[in-house]
Amino acid sequence: MSPALWYALVGALLVAVAFAAFAAHTHVVRRLLAFNVMGTGSFLILVGLAQHERGPDPVPQALVLTGIVVAVASTALALVVFRRWFAATGRVALPEDDTP
Amino acid sequence: MIDAATPLIPLAVVVPLLWAVLTAVRPQVRAAWLVVPGLLAWCTTAALLWSHVRAQGVTQYALGGWAEPLGIGLRADGLAATLTLVTAVIASACALHRLLSPPAEFADHAARWFWPLFFLLGAALDGVWLAADLFNMYVGLELLGLSAVGLVTVAGTTIALAAALRYLLAALLGSLAYLLGVALLYADYGTLALASLANGFTASTTTLVALALITAGLCLKTALFPLHGWLPPAHGAALPPVSALLSALVVKASFVMLLRIWLGPGVSLLVPAVAQGFGVLGAGAIAWGGWQALRHAELKMLVAHSTVAQLGYLFVAVPLLVDASAAARASAWDGVMLQVVAHALAKSAMFLASGALIAAVASYRVDDLAGVSRHMPLALFAFGLSAVSLMGLPPSGGFSAKWMLLQAALASGQWQWVFVLLGGGLLTAGYVFRVFRASFLQGAEDRFTPTPLGWDVVALALAASAILLGVMAVAPLEVLRIGAPPSVGLLLNGAP
Amino acid sequence: MRPRDARPEGDLEGTVSRWRLAIALPLGGGLALALVAAIAARRGPSIDLAAATAEAIPSSGVEHPITAVLLQFRGYDTLLEIAVLLAAALVALALREEPAAAAPRSRAPTAPAPAVVRGSDEHDLIHPGTSDRAGARAIETPLLATLTRALHPALLLLAIYLLWAGATRPGGAFQAGAVLAALGVLRRVSGVRPWAALLDRWQHAALLVGFAVFLGLAAGMLLLDRPLLGWPSASAGALILAIEAALTVSIAANLVGLFASAPDGRDAAAHGADRS
C-alpha cells in the first residue's frame, strides 16, 4: 500500500464523516466546517488516487489548487452572508431547520 | 479545425467577463451607457456563433492552442449555440427590466453590485454551455452558483439572506459531490475531457460510484424532486430579473451537464432501470411542484414551484431518450430541447410579469391581485401568454415540446409517461388559473402603484417569443439537433 | 424575524436532533463504504496525462509543471477561478455596505468616506461606517503588535520569493497571495496597520487588477490572431510572471476583503428589514 493510497483512503473517511456532520447539524457555521473538511477529503482523494501508481502528476495538484481557491471563496462568501443573517436575526440555523 | 469564425466561441465567455470587470470599476446602480453596449456585444457574439454553428456544424476550440486532454477544449454544438443565444436574449431582457426600474428599486447599497454579478453569471452560463471538460464544468458551475447566490442577496431583505444561504449550502454540497465524482473518474481514466473519456468507459465500481456522486450533485443543483427544497425560497426571494435568470437558465446548467455526461461517455451505463428512475423522479417533481404551486399563497412562490414542476418534464424525457425505439428517441430529443428553450423564455417572462404585478399591488399574495386585470392588462397578458406555453397549449413552444414527448411516450408504449405529461398540464392549468381568477375579481381601483410600461413590454416580448417558438419550431430544432449524442442523433443527423 | 434576545444563549450552539442523526449516520456510513469500494476497485488509467504534461513543459515557457498546468494548459480554469474569487469579494462588498444603509432606510446612499485619518499610519482602526466594529475586533496586546510589525518585511519578502519561485519550483501567485493575505489579516487583528491610508485607497483597484490583467492579456491574444490564452512561446514566461504578480495582489486583496467585510455578529440585531 503506497502512501498515496493512504491519502485517498483517509480522504474517503474524512468525506464520509464530514458528510454525516453536514447532514446532522443545523448550525450554519458547523455545516460550513463540515463542508471544508469534506473539501479537504475530496482533494486528498483527487491527488492521492491519481498518484497511487504512476507517481507525481501535476494535473491533479493544479486542480486541487484551483479547488482550494474556489472552496475558500465559497466559504468566505457563506460566512459573510451568514454573519449578515446572524446580525439581523440572531439565529444560527436557517428558519426551516430551526424547529427542534 | 481552425477557421476565422472560431474566436466567437471564447468570445461568448470573454464578452460578459469583460463587462463584469468594466461595471465593477465604478459600480453604479444604473449605468445604461455602459451596460447597453455590453448587452449588444454579447447578443451579437451569441447570434454570430449560432449562425456559425447552423452553417458549419459542431465547432471545437482548443484554449491556449493546447489540444485535449492536455488542454481544455470548448465545444459549440447546436445545444450550446442555441443556449448561448437564449442566454444573451433573456439576460438582455432582464437587464432592460432592471434599467427601466424606478429609482426606489435602487435605494439599497447592495444594488450597485448588481451589474458585475449579473455579467459574471452570464459568463458562467456561457462557460457551462460550451464546456467539454469535467473539471472546467466544475469551475463554471461554482462561478454560476456564487454569482447566483450573490444576486439573490442583492434583494437586501432578511428573507433573501436566508434563501441565499440555503441555496449556497445546497450548491456547495452539490458541486462537492460532483468534484468527488470527477476525482474518481480522473483516477480511473486519466483524463478530464468528455471526448477522450468516452473511449473505454466501462462499468467499473469506481466509475459507478463516480457517476452516482456526479448525478446526485447535479440533481441537487437542478433541484430535481426530492432535492428541490432550496429552489422555491431562493427564486421567490430574489429580485424579479434575478428570479427570471435563475429559473430560466441557471437550473438548466446542471441539467445540461447531466445530459452531456449521461448521453456522452455514460450512455452505455444508462440502462433502462436508471433511465426509468430519472423519469419517476421527474414525475414526482411534476406532481409535487404542481401541487405546491396550487396551494401557495404568494405569487412568486407559485411561479417558483412551477419551475420545480417544469424541470420534472426534462427528467421524464430521460427514459424516452434511451429506453425506446430510434424514432421515439429522436422525438424525445426534440421534445427535451424545445422544453429547455421554451421554459426558459416562458418562465423568465412569467417572473418579469409577476414582478410588475407584485409591484403594482404592493403585495406578494395571489389573493391581493384583485382588480389588477383592468389596471395592468399588458402585464397580465404577458403572464397569460407565458402560461399558455407552460401549460402546453397550442400554439406555443411548450406545446410543441410536450407534444413531441407525448409522441415519444406513445411510440415506445410507455403509457405511464403519457398520464404524467397530461396530468402535469392539468396541474399547471390549475395554478395559473388561480392567478387569473384572483386578477379578474373586482378590486378597489385606487390602491395600485404605477409601474413602468417598459416592464410589461419586456415581459410581453419574452412571452411572445415562447409562443413564436411553437409556430416556428423547425429552424431552432434543426440547429438543436446539430451534434446531438449519437444514441439519439443517428436518425436526426441522417435526416436532410 | 425574532430578535436575538428572545432566544436563550444555549441555542447558539446549535442542537443535533435524534432524527437528524438517525439520517446522517447511515448516509455517512454508506458514503464511506462506496468511496472505499471505489478507491479499491480503481484501475490503471489508459491515458497518461502526467507524461503528456511533462512532454509539453519545454514549450510552455515555465519550468515548474504545476505552474504550467495552472497558467498554460489549464489557464482557462484559473481564469474562471479568479472570477469565482471576484464574485465572492463583490458579494462581500455589497453586504458590507448594508448596515450603514439599512438602519435609516430613507437616507440617500452615500459613497464610502475616505477610510482613515490622513497622516496617521499606525493604530488607525477606522473603517468606513464600521469603526466601532473594526475597533472591537482588534486585539491590542503589545506582543501581537510587535510581532505584526516585525513580520511585515519578512512576509513581504516571502511573498515576493514565492511568486518568483513559482516558475521553477513550488510556489506561485496563490501561495504568495495567501502569505500577503495572512499579513493583511494580522494587520486587521492587531490593529497595527502601517500605510493604511494608501492601501485602503487602492483596495478596490487591487481587488480587480488580477482578473483584469489576466482577462485582458488572455483576450488580447485574440487580437493577435492567436487562441484565447495562447501566449506566444517567446514571451510566455514573462506574460505568466506578469499575470501571477497581478493575481498575487488580487488574491491577497480578495481574501483580506472577505475577512474584513463580514459584519460582526456581536453588533445589535434589528438591522434587517423583513420583506413582509
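Residues numbered from 1 in each chain as written. Chains lettered and ligands numbered in written order. Predicted model: local features only at pLDDT ≥ 70, side-chain atom pairs only at ≥ 80, totals over all residues. Heavy atoms only, no water.

### Here we look at the overall build of chain A
Helix and strand counts for chain A come out as three helices and zero strands. Start at the N end of chain A and walk to the C end: the helices and strands fall as α-α-α. Residues classed as buried in chain A amount to 68% of the 100 residues present. Considering only contacts within chain A whose residues lie at least 6 apart along the sequence, 59% involve residues at least 24 apart. (Helix = DSSP H or I, 4+ residues; strand = E, 2+ residues; numbered from the N terminus. Buried < 20%, exposed > 50% of the residue type's maximum accessible area, 1.4 Å probe, protein only. Contact = heavy atoms within 4.5 Å.)

### Things to note about the overall build of chain C
Broken down by element type, chain C carries 11 helices and zero strands. In chain C, buried positions account for 50% of the 276 residues. The contacts in chain C between residues at least 6 apart in sequence include a share of 71% that link residues at least 24 apart. Accessible surface computed for chain C: about 12,500 Å², of which carbon and sulfur atoms make up 67%. (Areas by Shrake-Rupley, 256 points an atom, 1.4 Å probe, with all protein chains shown as cover.)

### Section: the nonpolar core
Formed by 312 residues in total, the largest nonpolar core has its most connected members in Ile45 of chain A, Leu17, Ile90, Phe118 and Tyr178 of chain B together with Trp231 of chain C. For this core, the leading source of residues is helix H6 (residues 158–189) of chain B, giving 23 residues. Taken domain by domain, this core gets at least three of its residues from each of domain 1 (1–269) and domain 2 (271–486) of chain B. Filtering out sequence-adjacent residues up to four positions away, isoleucine 90 of chain B remains in contact with Leu245, Ala248, Leu249, Ala344, Leu345, Ser348 and Leu462 of chain B. Core analysis: the next-biggest nonpolar cluster, separate from the first, contains seven residues, Leu155, Leu162, Val179 and Leu183 of chain C among them. (Core = buried A, V, L, I, M, F, W, Y, C linked by side-chain atoms within 4.5 Å. Domains from an automatic or database assignment.)

### Focus: the interface of chain B and chain C
Where interface size is quoted, it is often the accessible area lost as the parts come together. Listed by partner, the interface residues are 69 residues for chain B and 59 residues for chain C. Both faces considered, chain B and chain C share a buried interface measuring about 5,400 Å² in area, 69% of it formed by carbon and sulfur atoms. Three residues stand out in chain B for area buried against chain C, namely Trp66, Leu70 and His109 of chain B, and they jointly supply 14% of the buried area on that side. In this assembly, chain B and chain C are joined by two salt bridges. For the interface between chain B and chain C, the tally reads 12 residue pairs in polar contact (both at pLDDT 80 or more). Among the secondary structure elements, those contributing two or more residues to the side of chain B that touches chain C are helix H1 (8–25), strand E1 (59–62), helix H4 (114–130), helix H5 (134–153), H6, helix H8 (205–222) and helix H9 (231–237) of chain B. In terms of residues, the side of chain B that touches chain C owes the most to one element, H5 of chain B, which gives 10 residues. (Buried area = accessible area lost by both parts, 1.4 Å probe. Salt bridge = Lys/Arg side-chain N within 4 Å of Asp/Glu carboxyl O. Polar contact = N/O pair within 3.5 Å; in protein donor to acceptor, adjacent residues only side chain to side chain.)

### Here's the deal with helix H8 (residues 173–190) of chain C
Residues and elements named next belong to chain C. Compared with an ideal rise of 1.5 Å per residue, which puts 18 residues at 26 Å, H8 spans 25 Å between its outermost C-alpha atoms and is within 8% of the ideal. Ala173, Phe174, Ala176, Gly177, Val179, Ala181, Leu183, Gly184, Arg187, Arg188, Val189 and Ser190 are the residues of H8 that are buried. Count one or two residues on from H8 and you reach glycine 191, which has phi positive near 80°. (Expected span 1.5 Å × (residues − 1).)

### Thoughts on the environment of valine 15 of chain A
Along the chain, valine 15 of chain A turns up in helix H1 (residues 3–24). Valine 15 of chain A gets classed as buried once you look at its relative accessible area, which sits at 0%. Once the C-alpha coordinates of valine 15 of chain A and glycine 41 of chain A are considered, the two residues, 26 residues apart in sequence, prove to be 5.0 Å apart. Among all residues touching valine 15 of chain A, those that are not within four sequence positions of it are Met38, Gly41, Ser42 and Ile45 of chain A, Leu180 of chain B together with Leu31 and Leu35 of chain C.

### Things to note about the environment of threonine 202 of chain B
When you line up the elements, threonine 202 of chain B lands in the loop between helix H7 (194–197) and H8. For threonine 202 of chain B, the contacting residues outside a window of four places in its chain are Tyr189, Thr207 and Leu269 of chain B together with Arg43 of chain C. In this structure the side chain of threonine 202 of chain B is engaged in a polar contact, spanning 3.1 Å, whose partner is the side chain of arginine 43 of chain C.

### Describing helix H1 (residues 18–40) of chain C
With 23 residues, H1 of chain C should reach 33 Å at 1.5 Å per residue; the first-to-last C-alpha distance of 33 Å fits that figure. By the burial criterion, the buried members of H1 of chain C are Arg20, Ala24, Gly28, Leu31, Ala32, Leu35, Ala38 and Ile39 of chain C. If you follow the buried residues of H1 of chain C, they end up packed against H1 and helix H2 (28–50) of chain A together with H6 and H8 of chain B.

### Some points on the packing of helix H16 (residues 397–411) of chain B against helix H17 (residues 415–440) of chain B
Residue and element names in this part refer to chain B. Relative to each other, H16 and H17 sit at 155°, their axes nearing to 7 Å. When the interaxial angle is binned, H16 and H17 end up roughly antiparallel. Along this stretch, H16 crosses H17, giving a crossing that reads as left-handed. Note on element contacts: H17 touches H16 through Trp415, Trp417, Val418, Leu421 and Leu422, opposite Leu405, Leu406, Ala409 and Leu410. Of the residues assigned to the contact of H16 with H17, the class counts are nine nonpolar, no polar and no charged. (Axes fitted to C-alpha atoms, helices over the stretch in contact; angles between N-to-C directions. Parallel < 35°, antiparallel > 145°, perpendicular 65-115°, else oblique. Left-handed = near helix turned anticlockwise from the far one by under 90°. Nonpolar A, V, L, I, M, F, W, Y, C, P; charged D, E, K, R; others polar.)

### Things to note about unusual backbone geometry
Residue and element names in this part refer to chain B. Here the residue pair glutamate 68 and proline 69 is connected by a cis peptide bond, since its omega of 0° sits within 30 degrees of zero. Note on placement: proline 69 falls in the loop between E1 and strand E2 (73–76). Look at alanine 362: it is not a glycine, yet its phi comes out positive at around 55°. Secondary-structure assignment places alanine 362 in the loop between helix H13 (326–361) and helix H14 (372–375). Judged by its relative accessible area of 62%, alanine 362 falls in the exposed class.

### Some words on the pattern of salt bridges
When the charged atoms of two side chains with opposite charge come close together, those side chains can pair. Scanning all chains against the criterion turns up eight salt bridges over all chains. Aspartate 77 of chain C is paired through a salt bridge with arginine 74 of chain C; the nearest N and O atoms lie 2.9 Å apart. Here the two residues aspartate 77 of chain C and arginine 74 of chain C agree in accessibility, since each one is buried. Bridged by salt links that share partners, the residues Arg75, Asp77 and Arg260 of chain B form one connected network.

### Thoughts on the packing of helix H3 (residues 78–99) of chain B against helix H18 (residues 453–471) of chain B
Residues and elements named next belong to chain B. Two elements in contact, H3 and H18, have axes separated by 9 Å at closest approach and are oriented at 165°. Our classification of the angle between H3 and H18 gives roughly antiparallel. Handedness of the H3/H18 crossing: left-handed. On H18, the residues that touch Ile90, Ala93, Leu96 and His97 of H3 are Trp455, Val458 and Leu462. Its residues assigned to classes, the contact of H3 with H18 shows six nonpolar, one polar and no charged.

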